[in-house]
Amino acid sequence: EDGKSICAYVGPFHAKPYGGKEGVNKLVDMGKNPAIGAHDRALVLATLARLQLNVGQLKEARDNANAAVELMPFDGTAWFGLGEVAKRQKDDARALEAYEKAALYEPSWGAVRLALADSLAKTGDANLPRAIQEYENFLVVSQAEQDVSRVKKLLPNLKKKLQK
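Residues numbered from 1 in each chain as written. Predicted model: local features only at pLDDT ≥ 70, side-chain atom pairs only at ≥ 80, totals over all residues. Heavy atoms only, no water.

A. Seen up close, helix α8 (residues 128–141). Under the 1.5 Å per step criterion, the end-to-end length of α8 is 20 Å for 14 residues, consistent within 8% with the ideal 20 Å. Of all the residues in α8, the buried ones are L128, A131, I132, E134, Y135 and F138. Buried residues along α8 cover an arc of 165° about the axis, so they all sit on one side. Of the surrounding elements, those touching the buried residues of α8 are α7 (110–122) and α9 (145–163). (Helix = DSSP H or I, 4+ residues; strand = E, 2+ residues; numbered from the N terminus. Expected span 1.5 Å × (residues − 1). Buried < 20%, exposed > 50% of the residue type's maximum accessible area, 1.4 Å probe, protein only. Arc of directions from axis to C-beta. Contact = heavy atoms within 4.5 Å.)

Structure below.
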């Protein structure tokens, strides 16, 4: 990939949202660039939303996550950003819906699978079989050691709970 591409520039922020207000400002400026296409703009907006969550800009994060989904409704990155915003705003139903769509469009993204599994587990016993399946899906695709360790400890308890 071209080191000057939008994806190359946004990628580090996307992989791990960091940078504080300076990072937010960089992505805001990038999002204003009229030369970028819809897909790249959606990536910028979804990533910007996640950074804005980290600096407490919840309203702006929601606006940018919604804009990303409007631009690219079949993009998992956009839906994941919206899910993260909804989760932070304690809108569990919207977060679950967004994570489900993110997993549909990005089935091999570990963070999406984990977020979906956690969201399903939170909804109660009715969704426990689906939560277990998503945790197992996460284990197949993820290499995030801390999260993998947590899920490996959690799964036996959930399976026991399901058998009761």
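B. Layout of the environment of R130. When you line up the elements, R130 lands in helix α8. When the C-alpha atoms of R130 and L116 are compared, they prove to be 9.5 Å apart, with 14 residues separating the residues in sequence. Ignoring anything within four residues of it in the chain, the contact list for R130 reads E100 and L120.

C. A look at the packing of aromatic side chains. Applying the stated criterion across every chain yields a total of three aromatic pairs. Ring centres 5.8 Å apart and planes at 90° place the aromatic pair F74 and Y105 in the edge-to-face group. Residue F74 is found in the loop between α4 (58–71) and α5 (76–88), and its partner Y105 is found in helix α6 (residues 92–105); the two are separated by 31 residues along the sequence. On the basis of relative accessible area, F74 is assigned to the exposed category, the value being 64%. Residue Y105 is classed as partly exposed on the basis of its relative accessible area, which comes to 27%. With centroids separated by 6.0 Å and ring planes inclined at 45°, the aromatic side chains of F80 and Y99 adopt a geometry described as tilted. Linking F80 in helix α5 with Y99 in helix α6, this pair joins segments that are 19 residues apart in sequence. Relative accessible area serves as the criterion here: at 4%, F80 is assigned to the buried category. Through pairs of rings, three or more aromatic residues link up here, namely F80, Y99 and W109. (Phe/Tyr/Trp six-rings, centres within 6.5 Å; stacked < 30°, edge-to-face > 60°.)

Fair warning: the whole summary comes from geometry, so function is off the table for now.
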